Amino acid sequence: MKEKFSVLKTTGVPLSIENIDTDQIIPARFLKATTREGFGENLFRDWRFESDGSPVKDFVLNDARYSGKVLVAGKNFGCGSSREHAAWAIADYGFRVVVSSFFADIFRNNALNNGILPVIISDKDLQHLLKMITENPSTEIKVDLSGQQISAGHWSSTFEINPYKKDCLMNGYDDIDYLLSLREEIRVFDLKSN
């Protein structure tokens, strides 16, 4: 089981770049492992570090002013290949939520399957939230999964989520855990069927 998700209150990291593909999230040369651990250290590797391994000073994840469990990214996040490692890297780094105005379908599903909530808001709301966080890094973001609402200060927006995936996130279930939670209903159905 994964960590349950209900309400998250945290600061956020603004990454206003559009069209971030999965190879930028986790470059292919780091895909050798088959377990989910250790990918966070290479999240956005080519943007975070110079070729000699030193941090890129002006990249947001290297800026001590920004931290938190919400990544607020530009439009079209997670495009490109279908690699699940991108979701693994985001989760391993410590993000629980990624906010954008558009996600690639495969990335969105991989995120949900790995305990990350992808929140889709309008382009206008995304620009407003990015501006708020950039100007005030201590801005608290509240993500209420039950109420399907994200807010910061006086701003708020609702978001959509598949009811099944919402239930899984709120209970810390993966697909197998969900089926196991229904074992009594399945047993009763099986007895009635025979």
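The preceding data block contains the structure.
The sections below set out a description of the structure shown in this document. Please read all numbers here as calculations on a predicted model, not as lab measurements. (Residues numbered from 1 in each chain as written. Predicted model: local features only at pLDDT ≥ 70, side-chain atom pairs only at ≥ 80, totals over all residues. Heavy atoms only, no water.)

Here we come to the overall build of the protein. A count of helical and extended segments in the protein gives eight helices and eight strands. Taking 16 Å as the expected radius of gyration for a compact globule of 194 residues, we find that the protein reaches 18 Å, a close match to that expectation. With respect to the three principal axes, the spread of C-alpha positions in the protein is 65 × 45 × 25 Å. Out of the 194 residues in the protein, the part that is buried amounts to 45%. Taking the intrachain contacts of the protein between residues at least 6 apart in sequence as the baseline, contacts between residues at least 24 apart amount to 65%. Counting every atom, the protein has about 10400 Å² of accessible surface; 50% of that belongs to carbon and sulfur. In the protein, the 23 positive side-chain charges and the 27 negative ones have mean positions that sit 3 Å from each other. (Helix = DSSP H or I, 4+ residues; strand = E, 2+ residues; numbered from the N terminus. Rg over C-alpha atoms; globule rule 2.2 N^0.38 Å. Buried < 20%, exposed > 50% of the residue type's maximum accessible area, 1.4 Å probe, protein only. Contact = heavy atoms within 4.5 Å. Areas by Shrake-Rupley, 256 points an atom, 1.4 Å probe, with all protein chains shown as cover. Lys, Arg positive; Asp, Glu negative; His and termini not counted. Charge placed at Lys NZ, Arg CZ, Asp CG, Glu CD.)

Glancing now at the sheet that holds strand S7 (residues 149-152). Strand pairing in a sheet takes place through backbone hydrogen bonds and is either antiparallel or parallel in direction. Pairing in this open sheet of four strands is antiparallel, and the strands run S1-S6-S7-S8 from one edge to the other. With partners counted over all chains shown, the strands left at the sheet margins are strand S1 (7-10) and strand S8 (155-158), one partner each. This sheet shows a mean twist of 10° between the axes of neighbouring strands, independent of strand direction. Pairing of S1 with strand S6 (residues 141-144) involves four bridges; the strand directions are antiparallel. Within the sheet, the bridge partner assigned to Leu-8 lies in S6 and is Val-143. (Pairing = 2+ DSSP bridges. Axes fitted to C-alpha atoms, helices over the stretch in contact; angles between N-to-C directions.)

The next point concerns the pairing of strand S5 (residues 117-120). Each regular strand displays side chains that alternate between the two surfaces of the sheet. With four bridges joining them, strand S4 (residues 97-100) and S5 adopt parallel strand pairing. By the bridge assignment, Ser-100 is partnered in S5 with Ile-120. For the handedness criterion, the β-α-β arrangement of S4, helix H4 (residues 105-113) and S5 is classed as right-handed. (Right-handed = clockwise from strand over helix to strand, strands pointing away.)

What follows is about the side chain of Arg-83. As for its placement among the helices and strands, Arg-83 is situated in the loop between strand S3 (70-73) and helix H3 (85-93). Judged by its relative accessible area of 17%, Arg-83 is buried. Within the structure, the side chain of Arg-83 is placed 2.8 Å from the backbone oxygen of Ile-26, a separation counted as a polar contact. A polar contact is formed between the side chain of Arg-83 and the side chain of Ser-81, at a distance of 3.1 Å. (Polar contact = N/O pair within 3.5 Å; in protein donor to acceptor, adjacent residues only side chain to side chain.)

Turning next to the packing of aromatic side chains. Going through the model one piece at a time under the given rule, you end up with ten aromatic pairs. The interplanar angle of 65° and the centroid separation of 6.4 Å between the aromatic rings of Tyr-173 and Tyr-178 together place this pair among those described as edge-to-face. Members of the aromatic cluster, each reached through a chain of ring pairs, are Phe-44, Trp-47 and Phe-59. Looking at Arg-45, its charged tip hangs above the ring of Phe-49, at a distance of 4.5 Å from the centre. (Phe/Tyr/Trp six-rings, centres within 6.5 Å; stacked < 30°, edge-to-face > 60°. Lys NZ or Arg CZ within 6 Å of the ring centre and 35° of its normal.)

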